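Topology and contacts: notes
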Amino acid sequence: MNQEKLKFLKETAKDVRKKILLEIYSAQSGHPGGSLSCADVLTFLYMEVLNIDSQNPLDPFRDRFVLSKGHASSALYAILSIKNFLPQHILKDFRQCSSILQGHPDMKRTPGVDMSTGSLGQGVSAANGIALAGKIDKMDFRVYVLIGDGELQEGQVWEAAMFASHYKLDNITYIIDLNGLQIDGKTEEIMNISPIEQKFASFGFKTIEIDAHDFLEIETGLNQVKLIKKKPTVVIAKSIKGKGVSFMENNPNWHGTAPNSEQFEKAIRELEEKYV
Amino acid sequence: MSKRATREGYGDALLEIGDDKKIVVLDSDLSNSTRTCVFKKKYPLRFFNCGIAEGNMISTAAGLSSAGKVVFASSFAMFAAGRAFEQIRNSVAHPNLNVKICASHAGISVGEDGGSHQCNEDIGIMRTIPNMTIVSPSDYYEAKFLIKSSAYIDGPFYIRLGRLAVDNIFNDSYNFNLGKGILLEDGKDVTIIATGLTVFFALEARKILRQDGISAKVINIHTIKPIDKEIIIKSSEETGAVVTVEEHNIIGGLGSAVSEILCEENPILMKRIGIQDLFGISGKPTELFKIYEINADSIVKYTKILLKINLNVFNKLEDFP
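Residues numbered from 1 in each chain as written. Chains lettered and ligands numbered in written order. Predicted model: local features only at pLDDT ≥ 70, side-chain atom pairs only at ≥ 80, totals over all residues. Heavy atoms only, no water.

**Observations regarding the domain arrangement of chain B**
All names here are of chain B. Looking at chain B, the domain boundaries give domain 1 (3-167) and domain 2 (182-319). Put simply, the middle of domain 1 and the middle of domain 2, counted by C-alpha atoms, are 27 Å apart. Listed per partner, the contact involves 32 residues of domain 1 and 34 residues of domain 2. Summed over both partners, the interface of domain 1 with domain 2 buries about 2,400 Å², with 55% contributed by carbon and sulfur atoms. Interface area lost by domain 1 to domain 2 is led by Ile108, Asn120 and Arg127, which between them contribute 28%. Taken together, the connections running from domain 1 to domain 2 amount to one salt bridge. A salt bridge links Glu260 to Arg127; the shortest N-O distance between them is 2.5 Å. Our enumeration of links across domain 1 and domain 2 arrives at 22 residue pairs in polar contact (both at pLDDT 80 or more). Elements that contribute at least two residues to the side of domain 1 that touches domain 2 include exactly helix 7 (122-127), strand 6 (133-135), helix 8 (140-150) and strand 8 (166-167). Examining the composition of the side of domain 1 that touches domain 2, we find that five residues originate from one element, helix 7, more than from any other. Class assignment for the residues of the side of domain 1 that touches domain 2 results in 13 nonpolar, 11 polar and eight charged. (Domains from an automatic or database assignment. Contact = heavy atoms within 4.5 Å. Buried area = accessible area lost by both parts, 1.4 Å probe. Salt bridge = Lys/Arg side-chain N within 4 Å of Asp/Glu carboxyl O. Polar contact = N/O pair within 3.5 Å; in protein donor to acceptor, adjacent residues only side chain to side chain. Helix = DSSP H or I, 4+ residues; strand = E, 2+ residues; numbered from the N terminus. Nonpolar A, V, L, I, M, F, W, Y, C, P; charged D, E, K, R; others polar.)

In structure tokens form, the structure reads like this:
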């Protein structure tokens with residue numbers, strides 16, 4: 001990756017983070033921690049990986065992205081607005097009655113959303129279903145599904161993992177946003193999900209571990225997945241919950257809390273001045 | 001063939017529409033019981049066994065449907081409507097996807113497997129979900145026809161099927177529409193509204209009642225949601241008394257649906273025959289029908305009681321100055 005592209009990706013991710021904060025601040029509701037933790041991965045997917053066109057959002061040949069951790073909807077809407085699937089001025093209406101931006105992703109209301117999600121675990125199975133349809137029709141689109149690490153506590157994720165492996169879905173990639181926190185605290189204390197890599201490996205996945213905030217590692221990881229045949233892949237992306245806003249980082253209290261005006265301004269200022 | 005199960009109608013319907021490449025069938029390790037096995041045999045590349053993981057099956061169906069497939073997903077009613085309720089609600093019904101949940105082994109007619117497997121709650125559970133169409137066919141031919149119809153109507157369906165071979169009411173010339181109740185027999189004293197295998201019981205009860213001078217209308221409600229309000233209101237006005245019959249808890253099922261309509265539109269006395277808020281037990285279906293009072297004799301018994309109460313109320317009103 002050349003320096004120019006790296007700079008562009010970093011600037012875009014910064015923009016995604018600012019938009020996440022704007023959405024949640026405007027709504028006084030939403031999930032900043034887990035949206036900020038996946039901002040870089042979403043930025044790379046939408047800017048460099050997904051074969052999609054905002055002029056034809058339902059193109060049957062398009063790549064699909066399923067946000068199974070649907071509570072990070074503000075991050076999805078931010079990147080969709082940057083990709084022109086949504087007008088940017090509606091971001092401030094996030095979670096309001098008049099808005100097409102529902103609290104959790106709604107495929108029937110929001111252009112660019114490939115699957116309605118929000119109930120944890122279900123997006124993983126649905127993403128498998130899309131990948132299976134691709135196999136049935138011998139189409140070469142790829143499916144990416146972003147899963148929270150707390151979400152791995154849902155049994156359905158492992159039912160889905162069995163299915164993806166059993167049917168050799170090599171056109172799907174699971175991405176785990178491994179930020180180590182969930183609403184009630186640390187995942188290792190609430191319900192330990194380790195060792196994640198070994199679990200997926202034993203389910204028949206090719207596993208790849210990356211730093212979720214390093215674009216070079218994201219690029220290497222996501223390039224690799226396309227080469228894997230006859231088995232699904234999982235990219236375990238080690239992230240920091242609340243990444244980019246110092247007082248939100250690694251603090252489970254920011255899982256589902258909106259910043260007040262002072263906190264919002266401080267967060268935006270931090271991103272503009274310090275974050276590179 | 002004299003008796004056939006509605007689930008057989010499902011398997012045969014899948015064979016008749018299976019050439020359509022949009023159709024994909026999922027099952028969760030019950031393909032011989034649900035009869036999806038016949039589709040699997042003829043169209044193996046569009047059949048996928050999901051193993052014993054019903055929630056995963058339903059959400060997978062949602063994903064397939066979002067990519068343009070018409071998905072039939074099957075299990076027993078208990079595990080489809082019961083275990084996978086939330087997947088049906090959130091993955092399928094909320095986004096209004098084209099998934100047809102064909103749930104077999106509904107009701108106490110499952111028989112010997114007992115209370116854990118006799119799902120008497122599924123209609124109630126499914127009725128509360130927006131966008132959901134609920135179909136409860138009364139015989140093989142009705143099941144086959146309505147399932148074929150469902151494939152060409154967008155949106156989620158819950159289709160309730162039985163294990164037990166039941167008497168045929170219709171034949172291959174069946175041609176009724178989803179959403180429309182069927183007046184099977186006319187009458188003037190009472191309306192018996194039934195669904196599923198109890199429609200045949202209602203027809204038998206009508207014959208017995210006729211011997212006692214009671215003229216009963218029999219209506220088959222194969223589509224429980226959206227329900228045919230018109231035929232229910234009209235027949236209740238014509239007869240003045242309504243009995244509902246179902247192989248389902250009287251809470252939440254057909255009886256509830258009819259009560260809701262009549263309470264608002266034409267409040268009259270009615271009787272709900274069905275499972276009286278109980279769990280089932282193991283036994284032969286005919287014995288269970290007797291124990292739980294879901295058969296022609298019970299319909300006759302409760303119809304007579306209802307008409308007697310109705311008469312008393314009517315007389316009291318007459319006596320009132």
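**Quick word on the interface of chain A and chain B**
Taken residue by residue, the interface counts 22 residues in chain A and 25 residues in chain B. At the boundary of chain A with chain B, total buried surface from both sides reaches about 1,900 Å², with 59% on carbon and sulfur atoms. Interface area lost by chain A to chain B is led by A:Gln122, A:Ile136 and A:Phe163, which between them contribute 25%. At the boundary of chain A and chain B, one finds one salt bridge.

**Structural notes on the pattern of salt bridges**
Taken as a whole and assessed by the stated rule, the structure comprises 26 salt bridges over all chains. With a shortest N-O distance of 2.7 Å, A:Asp177 and A:Lys69 are connected by a salt bridge. A residue pair is termed long-range when its members are at least 10 positions apart, and A:Asp177 in strand 3 (residues 172-178) and A:Lys69 in the loop between strand 1 (64-67) and helix 4 (73-82) qualify at 108 residues. Take A:Asp177 and A:Lys69: they sit in the same class, and that class is buried. Between B:Arg160 and B:Asp122 there is a salt bridge; the shortest N-O distance is 2.9 Å. Of this pair, B:Arg160 sits in strand 7 (residues 157-160) while B:Asp122 is found in helix 7, placing the two residues 38 residues apart along the sequence. B:Asp122 shares its class with B:Arg160; the two are buried. Put simply, B:Glu16, B:Lys144, B:Lys148 and B:Asp172 are held in one network by salt bridges that share partners. (Buried < 20%, exposed > 50% of the residue type's maximum accessible area, 1.4 Å probe, protein only.)

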